[in-house]
Amino acid sequence: MSRVWITSDLHGGHSNLVYGCSQWSDKSGCRNFQTIEDHDATILQNINEAVAPEDTLWILGDFSVGSQSMGLTKEEAYIKYRNLIRCKDIKYIIGNHSLKKRTLRELGIFSEVHDYYELKYKKSFICMSHYQFHTWNQMSKKSYMLFGHSHSNPKIVRGRSCDIGLDGNNFKPYLLDDILEELRSQPVLTEGPHT
């Protein structure tokens, strides 16, 4: 039986995000790897160990930023990293470091490409974006909001919204059923005029 996984912010080839090779003066936001090769290999191994070829994987943005040091354009880096993930069904949501939607669709490496998506999964209604929303569709009716971008560790949980980025899960994807089970016990937020 196939399963659904979710993650965000792989940042393949993003050497400035890696502590050992970053050129940033403030490395406090860097991931604790010495080389970009170790960073990328760890993330890809973690995904391939968890996600089976017949599963579905949602990636909520920032798949790769390209790699000038490896002589790859951003488009070539996307193709390279996509080909290293064995899951056949990867659905993608655009992030701030992503290629444009039209380019991603032309590359044909993801089964779907969206700016934002609302998923009906089992009996749950899930809103998904690269960015965190303060309010979201059907929030007061027990819906969920899943996002990335913040690179939080530990992950951010606010009501039934959650940062599902790699940084908060030891660089591994989350099983969607596990995230929903965890959030089910969180308070339902009813902020705003549409409660």
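Everything numeric here is computed off the predicted structure, so don't read it as measured data. (Residues numbered from 1 in each chain as written. Predicted model: local features only at pLDDT ≥ 70, side-chain atom pairs only at ≥ 80, totals over all residues. Heavy atoms only, no water.)

J.: Let's hear about the environment of G148: which residues, and what values?
T.: Its location among the elements puts G148 in the loop between β7 (144-147) and β8 (157-158). Remark: the alpha-carbon pair of G148 and C30, spanning 118 residues in sequence, is separated by 16 Å. When neighbours within four sequence positions are excluded, G148 is seen to be in contact with S8, D9, S129, H130 and D163. (Helix = DSSP H or I, 4+ residues; strand = E, 2+ residues; numbered from the N terminus. Contact = heavy atoms within 4.5 Å.)

J.: Summarise the pairing of strand β6 (residues 124-128); cite the residues concerned and give the values.
T.: Counting buried positions along β6 gives 5 out of 5 residues, so the element sits mostly inside the fold. Burial of the side chains of β6 extends over both faces: S124, I126 and M128 are buried on one face and F125 and C127 on the other. Judged from the 5 bridges that link them, strand β5 (residues 117-121) and β6 form a sheet pairing that is antiparallel. Note that in β6 the partner of E118 across the bridge is C127. By the bridge criterion, 3 bridges tie β6 to β7 in an arrangement that is parallel. If you follow C127 over to β7, its bridge partner there is M145. (Buried < 20%, exposed > 50% of the residue type's maximum accessible area, 1.4 Å probe, protein only. Pairing = 2+ DSSP bridges.)

J.: Please give an account of the packing of aromatic side chains that cites residues and values.
T.: Taken as a whole and assessed by the stated rule, the structure comprises 9 aromatic pairs. Between F63 and F110, the aromatic rings sit 5.3 Å apart at their centres with planes inclined by 90°, giving edge-to-face as the arrangement. Note that F63 is positioned in the loop between β2 (56-59) and α2 (74-83) and F110 in the loop between α3 (101-107) and β4 (112-114), a separation of 47 residues in sequence. We classify F110 as buried; its relative accessible area is 9%. Between the aromatic rings of Y116 and F133, the centroid separation amounts to 5.7 Å while the plane-to-plane angle is 15°, which identifies the pairing as stacked. With Y116 in the loop between β4 and β5 and F133 in the loop between β6 and β7, this residue pair connects regions lying 17 residues apart in the sequence. Judged by its relative accessible area of 29%, Y116 falls in the partly exposed class. (Phe/Tyr/Trp six-rings, centres within 6.5 Å; stacked < 30°, edge-to-face > 60°.)

As far as function goes, none of this settles anything; it's purely spatial.
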